[in-house]
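# Commentary on secondary and tertiary structure
As a plain string of letters, each chain reads:
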Amino acid sequence: NNQKAAEVFMKIIDIDPDHAASLNRLAWIYALERKNLDSALEMSQKAIRLKPDTAGYHDTLAEVYYQKKEFKKAIDAINKAIQLDPERSYYNRQLRKFRNALTQ
């Protein structure tokens, strides 16, 4: 349940505003639900500032940009995820999704 998970992550962030994993997960939930996208962007960017070498955080940022229809930024972010974790095929599927959106 995304709503319950979001509530848990918000509580963790209230206790520890620099908890990168919770910032990232909450941003991901918002991106998937296409809501609070400006907050999702801020949280995702903060998670990356805290742990810049985490591929999954760049993937979240890419998804947020995608949902905001900022496709070039989404491509840049997912390329960073691919650079950090080139073996993860999911990131290449995301890249294709973002490129397709850019050309439509």
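Look up a bit, the structure's there.
## A word on the overall build of the protein
Within the protein, the secondary structure is distributed over six helices and zero strands. Counting helices and strands in the order they occur from the N terminus, the protein gives α-α-α-α-α-α. Its C-alpha radius of gyration of 13 Å places the protein within 12% of the 13 Å reference for a compact globule of 104 residues. Dimensions of the protein along its principal axes, counting C-alpha atoms only, are 40 × 25 × 20 Å. Among the 104 residues that make up the protein, the fraction classed as buried is 41%.

## Some points on the side chain of Asp59
Mapped onto the secondary structure, Asp59 falls in helix H4 (residues 55-67). There is no salt bridge for the buried Asp59, and the closest opposite charge comes from Arg88, which lies 5.6 Å off by N-O distance. Not counting residues within four places of it along the chain, the set of residues in contact with Asp59 comprises Trp28, Ile78, Ala81, Tyr90, Tyr91 and Gln94.

## Let's talk about the nonpolar core
Counting residues in each nonpolar core, the largest one holds 30 residues, and the members touching the most others are Leu26, Met43, Leu61, Tyr65, Ile78, Tyr91 and Phe98. Put simply, the parts of the chain that give this core at least two residues each are helix H1 (2-15), helix H2 (20-33), helix H3 (37-50), H4, helix H5 (71-84) and helix H6 (89-103). In terms of residue count, H2 provides more of this core than any other element does, seven residues in total. Not counting the four nearest positions on each side in its chain, Phe98 is found in contact with Ala62, Glu63, Tyr66, Phe71, Ala74, Ile75 and Ile78.

How each quantity is defined
- Residues numbered from 1 in each chain as written.
- Predicted model: local features only at pLDDT ≥ 70, side-chain atom pairs only at ≥ 80, totals over all residues.
- Heavy atoms only, no water.
- Helix = DSSP H or I, 4+ residues; strand = E, 2+ residues; numbered from the N terminus.
- Rg over C-alpha atoms; globule rule 2.2 N^0.38 Å.
- Buried < 20%, exposed > 50% of the residue type's maximum accessible area, 1.4 Å probe, protein only.
- Lys, Arg positive; Asp, Glu negative; His and termini not counted.
- Salt bridge = Lys/Arg side-chain N within 4 Å of Asp/Glu carboxyl O.
- Contact = heavy atoms within 4.5 Å.
- Core = buried A, V, L, I, M, F, W, Y, C linked by side-chain atoms within 4.5 Å.

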